Amino acid sequence: MLNIRSYNLGSLQTNAYLLTGADPGRGIIIDPGANPAALLRAAEGMEIEAVLLTHAHFDHIAGLDEIRKAKKCPVYLHPLESEWLGSPKLNGSLMWPDVTPPISTEPAEYDLAEGQVLTLLGLTFRVMHTPGHSPGSVSFLCGNDLFSGDVLFKLGVGRTDLPGGRERDLIDSIRGKLYRLDEEVRVFPGHGPRTTIGFERLRNPYVPM
């Protein structure tokens, strides 16, 4: 059983997720955004097995240094964005100086790949490479729960006008991979409320089935 807690972090209201399984003393974090104090309070006394990054845009990694220092946990990221963690230009933090200072952090400890299966919290997380919003965007599927980053939102999709974005890739990722999942799969996006695959197939105006 996967327990999911969501935290809206930073000025862009990025969804960070704290996940626990059967053992409430162990967790993983997905996409730690800026000012992660509430996330760290919730994880106090907890061993964090990993930080999983759906992609390396600044609003999804702004709290990574604080999490690493507090929890000494490894980070997983797709290798197409391996250089982004250390580059404010690539991760976009130089583009919005009124929103964020330049962000630079250490490289990820582990790479992610299409079809990879991670065993964390005694559960399995399947990695789906879902580019389009960014070249290394991934989604994580655990049972009927999907963490889609900035690929698929409720009644929306990720923007493709940032460096490395490509609309055709985004549509292919959604139609060719995410929409092929069971309609009951719950979608936990990088911004906004959760949704389901079935709802988006029927209602998403940007990528109709």
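Up top is the structure these notes are about.
My aim in this report is to walk through the structure given alongside it, one point at a time.

It is worth spelling out the overall build of the chain at this point. Helix and strand counts for the chain come out as six helices and 14 strands. By the compact-globule yardstick of 17 Å for 209 residues, the chain fits well, its C-alpha radius of gyration being 16 Å. When burial is assessed residue by residue, the chain has 53% of its 209 residues classed as buried. Long-range pairs, those at least 24 residues apart, make up 57% of the contacts in the chain between residues at least 6 apart in sequence. Counting 20 positive and 25 negative side-chain charges, the chain places the centres of these two groups 4 Å from one another.

Here the focus is the environment of isoleucine 28. As for its placement among the helices and strands, isoleucine 28 is situated in strand β3 (residues 26–30). The buried category is assigned to isoleucine 28, whose relative accessible area is 0%. With residues up to four places along the chain from it excluded, the contact list for isoleucine 28 reads Tyr17, Leu18, Leu19, Ile48, Glu49, Ala50, Leu52, Leu120, Leu121 and Phe125.

The sheet built from six strands is open, its strands ordered β7-β8-β9-β10-β13-β14 with mixed pairing. The strands lining the two open edges of the sheet, one partner per strand, are β7 (117–120) and β14 (195–196). In this sheet, strand β13 (residues 186–189) lies alongside strand β10 (residues 145–149) in parallel orientation, the contact comprising four bridges. Following the sheet pairing, leucine 146 is matched in β13 by valine 187.

What follows is about the pairing of strand β2 (residues 14–20). Within β2, seven of the seven residues are buried, leaving the element largely enclosed by the surrounding structure. Burial along β2 is two-sided: Thr14, Ala16, Leu18 and Thr20 facing one way and Asn15, Tyr17 and Leu19 facing the other are all buried. Both strand β1 (residues 3–9) and β2 contribute to a ladder of seven bridges, which runs antiparallel. Residue pairing in the sheet places asparagine 8 in a bridge with asparagine 15 of β2. Counted along the chain from β1 to the antiparallel partner β2, the turn is four residues long, and its residue glycine 10 has a positive phi close to 75 degrees. Bridge count between β2 and β3: four bridges; the pairing is antiparallel.

With that out of the way, let us pick up empty space enclosed by the protein. All told, the structure shown has one cavity of 30 Å³ or more when counted by the stated rule. Empty space within the largest cavity amounts to approximately 30 Å³. Around the largest cavity sit Asn15, Tyr17, Ile30, Asp31, Thr54, Phe147, Ser148, Gly149, Phe188, Pro189 and Gly190, which together line it. Per-element tally for the lining of the largest cavity: the top contributor is β10, with three residues. For the lining of the largest cavity, the per-class residue count stands at five nonpolar, five polar and one charged.

Attention now moves to the sheet that holds strand β5 (residues 75–77). Working definition: the strands of a sheet are paired by backbone hydrogen bonds and lie parallel or antiparallel to each other. As summarised here, the arrangement of the six strands in space is β1-β2-β3-β4-β5-β6, forming an open sheet in which the pairing is mixed. Two strands in the sheet have a free side with no partner beyond their single neighbour: β1 and β6 (110–111). The pairing of β5 with β6 spans two bridges and is classified as parallel. Within β6, the position partnered with leucine 77 by the bridge is aspartate 111.

Right, let's talk about the nonpolar core for a bit. For soluble globular proteins, the rule of thumb is that nonpolar side chains tend to be buried together. In terms of nonpolar packing, the biggest core is built from 22 residues, with Leu18, Ile29, Leu39, Ile48, Val51, Leu53 and Leu85 touching the most fellow members. Setting aside residues up to four positions removed in sequence, leucine 85 forms contacts with Leu53, Ala56, Ile61, Leu64, Leu77, Asn91, Ile103, Ser104, Thr105, Glu106, Pro107 and Ala108. With 21 residues, the next largest nonpolar core counts Tyr17, Val127, Cys142 and Phe147 among its residues.

Scoring rules and cut-offs
Residues numbered from 1 in each chain as written. Predicted model: local features only at pLDDT ≥ 70, side-chain atom pairs only at ≥ 80, totals over all residues. Heavy atoms only, no water. Helix = DSSP H or I, 4+ residues; strand = E, 2+ residues; numbered from the N terminus. Rg over C-alpha atoms; globule rule 2.2 N^0.38 Å. Buried < 20%, exposed > 50% of the residue type's maximum accessible area, 1.4 Å probe, protein only. Contact = heavy atoms within 4.5 Å. Lys, Arg positive; Asp, Glu negative; His and termini not counted. Charge placed at Lys NZ, Arg CZ, Asp CG, Glu CD. Pairing = 2+ DSSP bridges. 1 Å grid on protein atoms, 1.4 Å probe; cavity = no way out; pocket = protein on both sides within 12 Å on 5 of 7 lines; lining within 4 Å. Points joined across faces, edges and corners; volume = space filled by probe spheres on them. Nonpolar A, V, L, I, M, F, W, Y, C, P; charged D, E, K, R; others polar. Core = buried A, V, L, I, M, F, W, Y, C linked by side-chain atoms within 4.5 Å.

Geometric values such as these leave the question of function open.
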